[in-house]
Amino acid sequence: MVENHHNLKENLMLKEKDKIFKNLYGFEDWKLEGAKKRGIWSNTKELIKMGSEKIVEEIKNSQLRGRGGAGFPAGLKWSFMPKDSGKDHYLVVNADESEPGTCKDREIMRNDPHLLLEGCLVAAFAMHAHTCYIYIRGEYYSESSNLQKAIDEAYANNLIGKNACGTGWDFDIYLHRGAGAYICGEETALLESLEGKKGQPRLKPPFPAGAGLYIEKHAGGVIGGWENLLAVIPGGASVPLLPKSICDTVKMDFDSLKEVQSGLGTAAVIVMNKSTDIVEAIARLSHFYKHESCGQCTPCREGTGWMYRMMEKMIHGNVEHQDIDKILDVTKQIEGHTICALGDAAAWPIQGLFRHFRPEIEKRIQERNRRVA
C-alpha cells in the first residue's frame, strides 16, 4: 500500500525535465556558464525565427497566465500591443515584488536570471519592442546585483544588444531600481515612476498597451503641454536659464545656446513648467553653490553666501528695487575672479533669472510693499 502511494506521488509530481525554472533553490551556478548547461540561450534564435505572430499564438495556446494576481492570459495581453502605431514599443517587466509574504520573483532573479533575460528577448520580439526596462524593488539588492551581472554577461556574449543572438533583432535591457513604494507594483504607477514622476496609478482607459511608457518624446514632454513651459536650464544648474520664448526656436548646440547667453554645459536639461516658483528655484541653486564653495577665493567664499541670503529674501519680495542691480553687480564681481569655475557657476543662474524674469521679482517687491503699507 505504501509502495503504491509512493508510485502515485511520483506520477503526480512535476518531473525535473518538465520544470521551467531549474535553479530556484540556487544549488547550481546562476551565471551564464551554468545557465547554458540548463539549456538557457540554446535555441533562442530558432524561437525568434518562428515570427512574432506565431510566438504570440503559441503563448495563447499554452494558456500561460500572468502572476501579478489577476491571472490574465499572457498571450492575449501580448496581442494587445498595436502593430502599426508608428510609436516606439517597450517591454516593461514588473519586478517590484513588494507584497508581504510574496517571494515568487526574487528567486528567479537571484538564481536563474538568464532565463528571465531570454524570455524578455522572445517577448519583446513578439511585441515588436527593441527596448526592455526591468523595474525591480529597490530593497532587492542581491537580486538586482545578480540580474545586472547577468545583463552584462548577455551583452558581452552578444545575446542581447545589436543583432541579439544573431537574430537580426536589436534589443537592449535596462535595470531600474525602484524606491520601495508598494503602489509602484501597480502597472500604471510603475510606468509613472519609470518616467521620473510620482508613483501614482493612471486612470484607465487608455490602457498601457496603447498608451504606456514614454507617451511623449524628449523625457516625457512638459507637464501640461508645451504652452505650460516656463523655463529651461539647458546645461545643468550652472548655466543661465532660458524662457519659453527663446526655447521655442533655439537649437540645442554649443554655439546656438551661447548666442542666447546660456550654454550647453553638461547637457543635463532641467525643465520647469508654470507651476514652478522660478525665484525659489534659483535661490535653491544659490544655496547649493554656497554650501559647496571650498572657501579659498574671497569672492566665492563671501559672495556665494551673500547671494544666497539675498535670494532667500527675494522669494518673498523682502528687498528693495535697487537691490536687484546690487545683486547683479555682485555676480559680475564674482564671475571670472576665482581660481576655478565654481564662482561663475554660482553667478550665472542669478544673472539668467534677472535677465528674463526681472518683472516677476519687481512684482513681488511691489506686492510686499503694499502689504507692509
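Each remark here, short or long, concerns the structure printed above.
Looking at the overall build of the protein chain
Within the protein chain one finds 16 helices and six strands. Computed over its C-alpha atoms, the radius of gyration of the protein chain comes to 28 Å, more than 25% above the 21 Å expected for a compact globule of 373 residues. With the C-alpha coordinates of the protein chain rotated into their principal frame, the extents come out at 100 × 45 × 45 Å. Split into buried and exposed, the 373 residues of the protein chain put 41% on the buried side. Sequence-distant contacts, at least 24 apart, represent 65% of the contacts inside the protein chain between residues at least 6 apart.

As for the nonpolar core
Of all hydrophobic cores here, the largest spans 44 residues; its most connected members are W41, I134 and F171. Among the elements that make up this core, the one with the highest residue count is helix α7 (residues 113–126) (10 residues). Residues in contact with W41, not counting those within four places in the same chain, are L32, H114, L117, E118, L121, A154, L159, I160 and C165. Grouped together as the second largest cluster of nonpolar side chains are 30 residues, V239, V279, I315 and I365 included.

Observations regarding the packing of aromatic side chains
Following the criterion strictly, the structure yields six aromatic pairs and no others. An angle of 55 degrees between the planes, with centres 6.0 Å apart, marks the rings of F72 and F80 as tilted. Centre to centre, the rings of F288 and Y289 are 5.0 Å apart; their planes meet at 75 degrees, and the pair counts as edge-to-face. Given the relative accessible area of 7%, Y289 is considered buried. Taken together, Y90, Y133 and Y174 form an aromatic cluster joined through their ring pairs.

A look at unusual backbone geometry
Cis geometry is adopted by the peptide bond preceding P205, which originates at K204 and carries an omega value of -5 degrees. Mapping P205 onto the fold places it in the loop between α9 (187–194) and α10 (217–220). In this chain, P205 is followed by P206 through a cis amide linkage whose omega measures 5 degrees. Relative to the helices and strands, P206 is located in the loop between α9 and α10. Of note, the phi angle at N163 is positive, near 50 degrees, even though the residue is not glycine. If you trace the backbone, N163 turns up in the loop between α8 (141–156) and β3 (172–177). Look at N163 and you get partly exposed, because its relative accessible area is 38%.

Calculation notes
Position numbers for residues start from 1 in each chain and track the written sequence from start to end. Selection of residues for local features in this predicted model requires a pLDDT of at least 70, selection of side-chain atom pairs for listing and counting requires 80 or more, and totals for whole chains, interfaces and linings are taken over all residues. Computation of side-chain values covers all heavy atoms of the structure but excludes hydrogens and water. Secondary structure counts use DSSP, requiring at least four H or I residues in a row for a helix and at least two E residues in a row for a strand, with both numbered from the N terminus. Atoms counted for the radius of gyration: C-alpha only. Globule rule: 2.2 Å times the number of residues to the power 0.38. The buried label applies to any residue whose accessible area, calculated with a 1.4 Å probe on protein chains only, is under 20% of its type's maximum; exposed applies above 50%, and partly exposed to all values in between. Any two residues whose heavy atoms approach within 4.5 Å at even a single point are treated as in contact. To form a nonpolar core, buried Ala, Val, Leu, Ile, Met, Phe, Trp, Tyr and Cys residues must be joined to one another through side-chain atoms within 4.5 Å. Working definition: a ring pair exists when centres of Phe, Tyr or Trp rings (six-membered ring for Trp) sit within 6.5 Å. Plane angles under 30 degrees give stacked, over 60 give edge-to-face, the rest tilted.

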